[in-house]
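For reference, the chains in residue letters:
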Amino acid sequence: MSLNEIGSMVAMQGFSGLSLFTVLLLMALGLAIIFGQMGVINMAHGEFMAIGAYTVYLCSQLTQNFAPGLREVYFVPAVVVAFFVAAAVGYAVEVLLIRRLYKRPLDTLLATWGLSLAMQQFFRSFINPKEVSAELPEWLLGAFNPTPSIQVPKNGIFVMGLTILVSAGVYLLMLRSRWGIRIRATTQNRIMSSAVGINTDRVDRFTFALGCGIAGLAGAAFTTIGSTGPTSGSLYIVDTFLVVVFGGAANLIGTIASAFSIAQAQSLLEFFLTSAMAKVLTLLTIIIILMIRPQGLFTTKVRT
Amino acid sequence: MQLVSTHRNRALRGALALVTSGALLCAAATLSGCNKSSAAATGDPGASKTEKLSAAPAATERSTEASGAAVLTPPGLEKSTAKASDFPTAKIMTTGLKVDDDSVTVGILHSTTGTMAISETGSVQAEKLAIAQINALGGILGRQIKVIQEDGASDWPTFAEKARKLLVNDKVAAVMGCWTSASRKAVLPVFEKENGLLYYPTFYEGLEQSKNVFYTGQEATQQILASLDWVNKEKKAKSFYLIGSDYIWPRTSMKIARKHIENVLKGTVVGEEFAPLGNTQFGSIINKIKLKKPDVIFAAVVGGSNVAWFKQLNAAGVTAANQTLLTISVTEDEVLGIGGENLVGFFSSMKYFQSLDNPNNKSFVEAFKKMWGEKSVIGDVTQAGYLGPWIWKAAVEKAGSFDVDKVVAASPGIEIKIAPEGYVKVHENHHLWSKARIGKAKADGQFEVVHESDLIEPNPFPKGYQ
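Small disclaimer: the values here were computed from a predicted structure and weren't measured.

1. Looking at the overall build of chain B
Piece 1. Counting its regular elements, chain B contains 14 helices and 14 strands.
Piece 2. A burial count over chain B gives 60% of its 466 residues as buried.
Piece 3. Considering only intrachain contacts with a sequence separation of at least 6, the fraction spanning at least 24 residues in chain B is 74%.

Dropping the structure here:
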């Protein structure tokens, strides 16, 4: 094998590592926000992702039937719509279900799990029991060739870009806006926040909706790389939890670091060993690290 | 903040343990013999039992018996003139089955809820179509077929429970049902104990044969050997990269494929990879394949993973233009989820494709779409499901009895000449003689049949391939 080929392989493998990192980060962000700020373990996270994916599918159907000329451009607005649809559903769920259970964390776990089953059956019964696929625009299909021997997946670049945007957005919102201040104040001391005039109920609703919206956004983006079906969301849930636990809850930097290290370990090991072995070794490492640091990678005393 | 988050992380780890163990449980159930399940990390399978919604809302509500009059029937078959009075109930049924002077009851046992509903819906539709057609043509021995449908809910113990209910309480004369190997393994002891009759439609890994089961799909050798021979001859393929999901069906299939490639075709296997069920990221695996540059990728990835695999393959620049790919896990049903544009030019090995050009299939597709909607697609397993009631009918008429022992004894040698796949014959080992076909995927989700083998003898226990 020539040096050139080795170089191309290193480049492509490097990209798959980064791509996996952004995928993991995007799935985990929504969960991290809801868990970190509210202490609610949202077991229906995967189904909110599925809502996003189905929104893109429905938008694609509408475009096909009513405005076939828009095929190349519908995708980006559809992703935005997915955010709002998932956020709206999240808002309703908070009002109807979650807020009655804030004092009983284990019950929220069960309630959201039940919710996830109900949502899966809803997709099955009212949308389609079979998997569906949104028609993707040409510019998201295939590979981008910087040199003849290197192929970089276009959908990977798209997900990467989106993740950077969303992370930056979350960062600004949390640490540089009044909303962020209110959310963080409520997290730190609910009673005091309430006493100084913050409407903590509203903050909760907003935070939960935001987390669900980001899940929807992730689901929408993943239509380019994965399946859209009633149980698609559940394919992501284990990895999502893993990232959040390993990163240490309540910390954006932790989530990023955790997604990065898991992704790199996973993709490198997978390249040199088999994928089952890679999974075993990654999980084993995480378990050992969590035994030493039960609080996760990052729970520094200094607030970031 | 510090305190809170540490405390929370503990709770979250609990949740993680819960999801993972759910996933493991499910995976374990799957590994114990599940064919082509799309089930992966879905948590506790038992929970789906209480879900109570029908999978094909408008469609399944329709009564099979009632639609009998309107259904299109296969060409060349005349309405039967057999009268029930010619076959007194006391003579044709001696074992307490639910047969009376004008009707006979059969069971349909598939998942219409839970993860497997995705796949099993097509089988239910095909079986109901066949039964409606048989009824329209005068039924069996002058009796109309009534159907009791039960939902296995994608949960293997539920399958066993419902099978017992159908056999013991309802006394059905035969059951069309099951899809995954895991569900079949779960009901097998019930059928053997109660001496029931099961028609099982899915292509599967073989290594099984029971007096009480007829396997209307292909066993592994029927699907794999002919297709490898073809790709070796047509594409001069010598080096193969094998990839599948990590459970029994792909593993058994790949074992057979490897033996055949190495011993018969004198080729090489340059890589073999099993991705965990539910795996959604194939970047590294695809890079490995690029590194090895195999002549052929031989794939058996299933479920949601299958979609991710093909989408990411296409995105990594691997297309039919630069790579031959042969898969044994993509039918027209799977294309719906994967998207035709990601498959164009790849090859699939099945015994049936919706595009098959023969009069039987033309009429079958027409009747299917009339009953279940213009947009229906028909995959390999759906067609195999359609064969079940016809094979049972032929065997009952040959035996002149509904008694299970007599039907089983009469079955070997039964020929179905109206089979959409062309022609099938029941072998003594309860599997079917059938042809293997290679389809080339088109962008519209259909396949162009590029190769058809001779009739292949079923061989569920292949020697030299274990």
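2. Observations concerning the overall build of chain A
Piece 1. Broken down by element type, chain A carries 11 helices and 2 strands.
Piece 2. Taken from N to C terminus, the helices and strands of chain A fall in the order α-α-α-α-β-β-α-α-α-α-α-α-α.
Piece 3. For 304 residues, the compact-globule estimate of 2.2 N^0.38 gives 19 Å, and chain A sits close to it at 20 Å.
Piece 4. The principal-axis extents of the C-alpha atoms in chain A amount to approximately 70 × 55 × 35 Å.
Piece 5. Classification of the 304 residues of chain A by burial places 55% in the buried group.
Piece 6. Long-range pairs, those at least 24 residues apart, make up 77% of the contacts in chain A between residues at least 6 apart in sequence.

3. Examining the sheet that holds strand β5 (residues 213-215) of chain B
Residues and elements named next belong to chain B.
Piece 1. Ordered in space as β2-β1-β3-β4-β5, the 5 strands form an open sheet in which the pairing is parallel. In this open sheet, the two edge strands, each paired with only one partner strand, are β2 (144-151) and β5. Adjacent strand axes in the sheet meet at a mean angle of 25°, parallel and antiparallel pairs treated alike.
Piece 2. Summarising the sheet, strand β1 (residues 103-110) and strand β3 (residues 175-177) pair through 3 bridges and their orientation is parallel. Bridge pairing links Gly-107 to Val-175 in β3.
Piece 3. Of the strands in this sheet, β1, β2 and β3 are in contact with helix α4 (residues 117-136), which crosses β2 at around 165°.
Piece 4. Against the sheet, helix α5 (residues 156-169) engages β1, β2 and β3, with an angle of about 175° to β1.

4. A few points about unusual backbone geometry
Residue and element names in this part refer to chain B.
Piece 1. The phi angle at Leu-207 is positive, at roughly 60°, despite the residue not being glycine.
Piece 2. Along the chain, the position of Leu-207 falls in the loop between β4 (198-200) and β5.
Piece 3. Positive phi values are uncommon outside glycine, yet Lys-293 reaches one of about 45°.
Piece 4. Following the sequence through the fold, Lys-293 ends up in the loop between α9 (283-292) and β8 (296-300).
Piece 5. Here Lys-293 falls in the exposed class, since 12 other C-beta atoms lie within 10 Å of it.

5. Observations regarding the environment of Lys-442 of chain B
Residues and elements named next belong to chain B.
Piece 1. With respect to the helices and strands, Lys-442 occurs in the loop between β13 (432-441) and β14 (447-456).
Piece 2. Judged by the 15 C-beta atoms lying within 10 Å of it, Lys-442 falls in the partly exposed class.
Piece 3. On a C-alpha basis, the gap between Lys-442 and Leu-291 in space is 27 Å, while along the polypeptide they are 151 residues apart.

6. Observations concerning the confidence of the model for chain B
All names here are of chain B.
Piece 1. On average, residues of chain B score 84 in pLDDT, and 85% of them reach the 70 mark or higher.
Piece 2. Long-range and interchain partners of residues 1-6, a stretch whose pLDDT sits below 50, account for 11 contacts in this model, where long-range means more than four residues apart.
Piece 3. Below pLDDT 50 for its whole length, residues 24-69 participates in 121 contacts with residues either more than four positions away or in separate chains.
Piece 4. The ipTM, which scores confidence in the relative placement of chains, is 0.85 for this predicted complex, and the corresponding pTM is 0.83.

7. Considering the environment of Ile-157 of chain A
Residues and elements named next belong to chain A.
Piece 1. Of note, Ile-157 is situated in helix α5 (residues 154-176).
Piece 2. For Ile-157 and Ala-28, which are 129 residues apart along the polypeptide, the C-alpha to C-alpha distance reads 18 Å.
Piece 3. Beyond its immediate chain neighbours, meaning those up to four positions away, Ile-157 contacts Phe-144 and Val-152.

8. Some details on the domain arrangement of chain B
Residues and elements named next belong to chain B.
Piece 1. Entries for chain B in the domain assignment read domain 1 (63-218 + 357-430) and domain 2 (220-350 + 439-456).
Piece 2. Relative to domain 2, the C-alpha centre of domain 1 lies at a distance of 31 Å.
Piece 3. Taken together, the contacts link 14 residues of domain 1 with 14 residues of domain 2.
Piece 4. Mapped by element, the contributors of at least two residues to the side of domain 1 that touches domain 2 are α4 and α13 (380-399).

Reading the values: the criteria
Residues numbered from 1 in each chain as written. Chains lettered and ligands numbered in written order. Predicted model: local features only at pLDDT ≥ 70, side-chain atom pairs only at ≥ 80, totals over all residues. Helix = DSSP H or I, 4+ residues; strand = E, 2+ residues; numbered from the N terminus. Buried ≥ 20, exposed ≤ 12 C-beta atoms within 10 Å, placed from the backbone. Contact = placed C-beta atoms within 7 Å. Rg over C-alpha atoms; globule rule 2.2 N^0.38 Å. Pairing = 2+ DSSP bridges. Axes fitted to C-alpha atoms, helices over the stretch in contact; angles between N-to-C directions. pLDDT = per-residue confidence, 0-100. Domains from an automatic or database assignment.

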